[in-house]
4 protein chains.
Amino acid sequence: MRRAERDGRMRGLEKISNKRKKILDAAATIFSQKGFHQARMDEIAVAAHVAKGTLYYNFSSKSLLFAATVTEGMETIVRQVRAEMVSDLPFPEHFQLLVTSIVRLYLQHSDLAHIIFNEISSGIDDAVLMEIERVRGRFIEFIAEMLAWGQQKGYIKNIDLKLSAVALAGIIDSVCSHLLQYPEGANEEKAVETLHDILSSGLLKR
Amino acid sequence: MRRAERDGRMRGLEKISNKRKKILDAAATIFSQKGFHQARMDEIAVAAHVAKGTLYYNFSSKSLLFAATVTEGMETIVRQVRAEMVSDLPFPEHFQLLVTSIVRLYLQHSDLAHIIFNEISSGIDDAVLMEIERVRGRFIEFIAEMLAWGQQKGYIKNIDLKLSAVALAGIIDSVCSHLLQYPEGANEEKAVETLHDILSSGLLKR
Amino acid sequence: MRRAERDGRMRGLEKISNKRKKILDAAATIFSQKGFHQARMDEIAVAAHVAKGTLYYNFSSKSLLFAATVTEGMETIVRQVRAEMVSDLPFPEHFQLLVTSIVRLYLQHSDLAHIIFNEISSGIDDAVLMEIERVRGRFIEFIAEMLAWGQQKGYIKNIDLKLSAVALAGIIDSVCSHLLQYPEGANEEKAVETLHDILSSGLLKR
Amino acid sequence: MRRAERDGRMRGLEKISNKRKKILDAAATIFSQKGFHQARMDEIAVAAHVAKGTLYYNFSSKSLLFAATVTEGMETIVRQVRAEMVSDLPFPEHFQLLVTSIVRLYLQHSDLAHIIFNEISSGIDDAVLMEIERVRGRFIEFIAEMLAWGQQKGYIKNIDLKLSAVALAGIIDSVCSHLLQYPEGANEEKAVETLHDILSSGLLKR
DNA sequence: GATGAATGAGCTTTCATTCAT
DNA sequence: GATGAATGAAAGCTCATTCAT
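Residues numbered from 1 in each chain as written. Chains lettered and ligands numbered in written order. Predicted model: local features only at pLDDT ≥ 70, side-chain atom pairs only at ≥ 80, totals over all residues. Heavy atoms only, no water.

Participant: Explain the overall build of chain A to me, please; I cannot follow it from the model alone.
Facilitator: Looking only at helices and strands, chain A features 10 helices and 0 strands. Tracing chain A from N to C terminus, the helices and strands come up as α-α-α-α-α-α-α-α-α-α. Taken over 206 residues, chain A has a buried fraction of 47%. Excluding contacts between residues fewer than 6 apart, the proportion of contacts in chain A whose partners are at least 24 apart in sequence is 62%. Accessible surface, chain A as shown: approximately 10,300 Å² in total, 52% of it carbon and sulfur. (Helix = DSSP H or I, 4+ residues; strand = E, 2+ residues; numbered from the N terminus. Buried < 20%, exposed > 50% of the residue type's maximum accessible area, 1.4 Å probe, protein only. Contact = heavy atoms within 4.5 Å. Areas by Shrake-Rupley, 256 points an atom, 1.4 Å probe, with all protein chains shown as cover.)

Participant: What is the right way to read the relation of the copies chain C and chain D from this model?
Facilitator: Two copies of one chain are present, and they are related through a rotation about an axis combined with an axial shift. Between chain C and chain D, which share one sequence, the superposing operator has a rotation angle of 180° and an axial displacement of 0.0 Å; the RMSD is 0.2 Å. Here the transformation between the copies is reduced to the relation of a two-fold axis. Measuring from the rotation axis to each C-alpha of chain C, the shortest distance belongs to C:G202, at 1.9 Å. Interface overlap between copies: 100% of the residues of chain C at the interface are likewise at the interface in chain D, consistent with a symmetric, same-surface contact. (Least-squares fit on C-alpha atoms with pLDDT ≥ 70 in both.)

Participant: Can you help me understand the relation of the copies chain A and chain B in this one?
Facilitator: Of the transformation placing chain A onto chain B, the axial shift is 0.1 Å and the rotation is 180°, giving an RMSD of 0.2 Å. Most of the interface of chain A is mirrored in chain B, where 96% of its interface residues again form contacts.

Participant: Explain the interface of chain A and chain B to me, please; I cannot follow it from the model alone.
Facilitator: A common way to state how big an interface is: give the accessible area lost once the parts meet. On the chain B side, the residues contacting the 48 residues of chain A number 46 residues. Summed over both partners, the interface of chain A with chain B buries about 4,300 Å², with 60% contributed by carbon and sulfur atoms. The largest share of the area that chain A buries against chain B comes from A:K157, A:L203 and A:L204, three residues that together contribute 17% of it. On inspection of chain A and its partner chain B, the count reaches 4 salt bridges. Between A:K157 and B:D197 there is a salt bridge, with its nearest N and O atoms 2.8 Å apart. (Buried area = accessible area lost by both parts, 1.4 Å probe. Salt bridge = Lys/Arg side-chain N within 4 Å of Asp/Glu carboxyl O.)

Participant: Please clarify how the protein's contact with DNA strand E should be interpreted in this entry.
Facilitator: Near DNA strand E lie 31 residues; those nearest to it are A:T54, A:Y57, B:Y56, C:T54 and D:R40. The sugar-phosphate backbone supplies 68% of the atoms of DNA strand E found within 4 Å of the protein. B:A39 places a main-chain nitrogen or oxygen 3.4 Å from a phosphate oxygen of DNA strand E. Elements with a minimum of two residues in the surface near DNA strand E: α4 (52-58) of chain A, α4 (52-58) of chain B, α2 (12-38) and α4 (52-58) of chain C together with α4 (52-58) of chain D. Within the surface near DNA strand E, the residues separate by chemical class into 13 nonpolar, 7 polar and 11 charged. (Near = heavy atom within 4 Å. Polar contact = N/O pair within 3.5 Å; in protein donor to acceptor, adjacent residues only side chain to side chain. Nonpolar A, V, L, I, M, F, W, Y, C, P; charged D, E, K, R; others polar.)

Participant: How do you make sense of the interface of chain C and chain D when you look at a structure like this?
Facilitator: At the interface, 46 residues of chain C touch 47 residues of chain D. Between chain C and chain D, the buried area comes to about 4,300 Å², and carbon and sulfur atoms account for 60% of it. Summed over the three residues of chain C that lose the most area to chain D, namely C:K157, C:L203 and C:L204, the buried surface amounts to 17% of that side. Put simply, chain C and chain D have 4 salt bridges between them. Close ionic contact of C:D160 with D:K190 constitutes a salt bridge, the shortest N to O distance being 2.4 Å. Across the chain C-chain D interface, the total number found is 22 residue pairs in polar contact (both at pLDDT 80 or more). Secondary structure elements with two or more residues in the side of chain C that touches chain D: α2, α6 (91-108), α8 (126-152), α9 (161-181) and α10 (188-201) of chain C. In terms of residue count, α9(C) provides more of the side of chain C that touches chain D than any other element does, 13 residues in total. Here the residues of the side of chain C that touches chain D are counted per class, giving 17 nonpolar, 17 polar and 12 charged.

Participant: For this particular structure, what's the right way to read the packing of α9(C) against helix α10 (residues 188-201) of chain D?
Facilitator: Relative orientation of the contacting elements α9(C) and α10(D) amounts to 60°, with a least axis distance of 10 Å. With respect to α10(D), the axis of α9(C) lies oblique. Here the hand of the crossing between α9(C) and α10(D) comes out right-handed. Along the contact surface, α9(C) presents C:L163, C:S164 and C:A167, while α10(D) presents D:K190, D:A191, D:T194 and D:I198. In the contact of α9(C) with α10(D), the residues fall into 4 nonpolar, 2 polar and 1 charged. (Axes fitted to C-alpha atoms, helices over the stretch in contact; angles between N-to-C directions. Parallel < 35°, antiparallel > 145°, perpendicular 65-115°, else oblique. Left-handed = near helix turned anticlockwise from the far one by under 90°.)

Participant: Which parts of the structure should I look at to understand the domain arrangement of chain A?
Facilitator: Residues and elements named next belong to chain A. Per the domain assignment, the segments making up chain A are domain 1 (1-60) and domain 2 (62-203). Taken residue by residue, the interface counts 15 residues in domain 1 and 13 residues in domain 2. Of all residues in domain 1, L24, F31 and F36 bury the most surface against domain 2, accounting for 40% of the area lost on that side. Here domain 1 is connected to domain 2 by 1 salt bridge. A salt bridge links E72 to R20; its shortest N-O distance comes to 2.7 Å. At the junction of domain 1 with domain 2, the criterion picks out 3 residue pairs in polar contact (both at pLDDT 80 or more). At the level of secondary structure, the elements contributing two or more residues to the side of domain 1 that touches domain 2 comprise α2 (12-38) and α3 (41-48). Looking at the side of domain 1 that touches domain 2 element by element, the count peaks at 9 residues for α2. The class makeup of the residues in the side of domain 1 that touches domain 2 is 11 nonpolar, 3 polar and 1 charged. (Domains from an automatic or database assignment.)

Participant: How should I be thinking about unusual backbone geometry in this particular structure?
Facilitator: Despite not being glycine, C:H49 has its phi angle at roughly 55°, a positive value. Tracing the backbone shows C:H49 in the loop between α3 (41-48) and α4.

Participant: For this particular structure, what's the right way to read the side chain of D:K157?
Facilitator: For D:K157, the location among the structural elements is in the loop between α8 (126-152) and α9 (161-181). The exposure class assigned to D:K157 is buried, which follows from its relative accessible area of 12%. The contact partners of D:K157, leaving out residues within four places of it in the chain, are C:D197, C:S201, C:G202, C:L203, C:L204, C:K205 and D:Q151.

Participant: Could you clarify how one ought to interpret the protein's contact with DNA strand F in this entry?
Facilitator: Around DNA strand F, 31 residues are found, and the nearest of them are A:R40, A:K52, B:T54, D:T54 and D:Y57. For DNA strand F, the fraction of protein-proximal atoms (within 4 Å) that sit in sugar or phosphate groups is 71%. Within the contact set of DNA strand F, a base nitrogen lies 3.2 Å away from a backbone nitrogen or oxygen of D:G53. Counting residues per element, the ones that place at least two in the surface near DNA strand F are α4 of chain A, α2 (12-38) and α4 of chain B, α4 of chain C together with α4 of chain D. It is α4(D) that contributes the most residues to the surface near DNA strand F, 5 residues altogether.

Participant: I'm lost on the nonpolar core in this one. Help?
Facilitator: Side chains of nonpolar character tend, in soluble globular proteins, to be buried together. Grouped together as the largest cluster of nonpolar side chains are 144 residues, with contacts concentrated most on C:I172, D:L65 and D:I172. In contact with C:I172, other than residues within four places in its own chain, are C:I102, C:V103, C:Y106, C:F117 and C:L195. With 143 residues, the next largest nonpolar core counts A:A169, B:A26, B:F66 and B:I132 among its residues. (Core = buried A, V, L, I, M, F, W, Y, C linked by side-chain atoms within 4.5 Å.)

Participant: Explain the packing of helix α5 (residues 62-85) of chain B against helix α6 (residues 91-108) of chain B here, please?
Facilitator: Helix packing geometry: the angle between the two helix axes and the distance between the axes. Residues and elements named next belong to chain B. At their nearest, the axes of α5 and α6 sit 10 Å apart, and the two run at 150° to each other. In terms of orientation, α5 and α6 fall into the roughly antiparallel class. Here α5 and α6 pass one another in a crossing that is right-handed. Residues I77, Q80, V81, E84 and M85 of α5 touch α6, and the partners they reach there are H94, L97, L98, S101, I102, R104, L105 and Q108. Within the contact of α5 with α6, the residues separate by chemical class into 7 nonpolar, 4 polar and 2 charged.

Right, dumping it as structure tokens:
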């Protein structure tokens, strides 16, 4: 399909969406490579193949562009994890799948993932920071719900679920970051296995 | 009292050390409050009660001041954890003590801790970034050694120790950050207990 | 009702005129509120209920829109003053009427008036600036003619008429601006009286 | 006297003052030529022979630099007018001197004068705008005091003094602006004479 | 005729770093 | 050793103007 032909089909809003999407994609790349403060709007504009003004036409500030990037990226990830969870497997397999899915999606969207899994340091508008915390909170909630379900079914021990969800997110973030940082020694399968092992039965021998 | 006379009491290196220390203390405070990119040299100078030029007289750049802050802070923390570990308790109690110590020191030096436990995003000189990663690596090594010792004694299951150390650091960072962010619901003891519980025997019921 | 049908009722120029008028009204409001440099084309478009492109369809630049706004506004004012002057009163009453009329119209169109009475600071195309000065010059001429007529009739003393017209415009602008700025203490009648008093017989007792 | 020699004498604060003064002089020139919004900080820096950063080292924003320029310039003018007023002439001559002095100083500092005599249009921080209005208010007060003194002595007619002061400032501003705008036909003496004539006994014949 | 998304030159402001004293 | 005034290279953001539709 030729380009003109493809673009020709889209009109009005769709086309706008496309430009928004181009910007958000570029922003995700740059923000994840450089972090919020080090990312420059110029760079993002170049990466998105638009003029700098177009960034501001679509997002009224750098902070808001960041917020939009994180929020939309997050929604994609959560949606994907949820999609993979819609199964009627018994809980133990379900739990394993949860860990596996999150790791895979983390590694796919490593840029955004690290932002969401960790707290953002200061220097961003408070409103935007809160929005990001809210998004992260929803993700933690989602994990906590899964654990609650397992607890009801008698698979998860009697333990604080919110803290456990936080711990689960932290442990996955930590191991995945490590994987990404030392790709030579990386082994996704082994990492998933180790993570699942620790999360299931801890470090100590019985 | 004349200036020369007053200053005369302190000699050469000691005086430098004092000023160096004042600067490092101030830097630790500011860097932890604002993060590397948001911290301004002006602020640090004010907080250290020295002129801005003095910062550059002692540390040739912001990045190097940051590196020194992290390194020295880290050494303090590791030294303290090691000190608390010098006991001849049986391993299980030892392991519990390790977790407890790290959590306590993390909360005490939350600023530096989060920097060390997590990776630093870009924007800092590569040389400095490597220095910080090296420091973090040493901390992970330290934990891994502890686990290796437990494994030798038959307490730790057959598992990748490096990954486990990374996981342990990640889970502690995550839970402590959460504690610091939501201080109202914070309960250090319960957090330590939950952490220890997960790390010892996982989330699942046996 | 189809679009063509609805629009069909208004023809060519009239419709343009209407849109032109809407724009000029909005421009007068915004320019007077914010001044030339602070007024944004976006704002004017919103105030005129037209798209920004329509502004440029009708006026090829911000400067020219400003010039048109001032010129048309001015013509309205002068026309109104002239209309009120068409009387066969004896000169002294005529003179009083002149002052009264200008003050009233100034306060009605305070926005444009201040622009015309005062000189415009730079930053506008020279061509446009000259156009505005020309408009202002015509107003000064108009006053000077009135004074010349009074001089011929022996009512106005032997004095430089151009300078006097400039002075008259300046004194009215100054007092009216003051009235607008401190509306709480404002008293239009008293202001007119004072102005007339000074312009008629000066500040000193005879 | 050589430059090094001259500068050598000045130390610390004086030298700072000198740089401040250089900046304020340059700012007065540029602001008066271009107006607040059209004046660029770059230009002022070049005119002051300092780096742009130096502007911000001494004045924390463009608005505040503007405020300082106006305030300090104004103080100079008022001080000079007051200095010329310290005489024990009878009031009528005193009044003539007042007009003459203001006109002369206006023409000397035409840039600042027009800012002070007229109200500033919007777009400047409200705090700064108020400061400028305050400065202008003090000038009006000063004129009003002079008139009050003349009224007490029985020279000034029974008239609103505040409004009269405003009127006096306006008429002088208007005529001086006209003089500056059309320098070819300018005649300072004649302008002063006309102004004084109008202010003393008005436009009408007795 | 009318629109509004897109543009990019130009602006204010920040802040790590330097260097004369 | 210590200082802090001075610097200037960025960086975020604005807005008059254009042009494809």
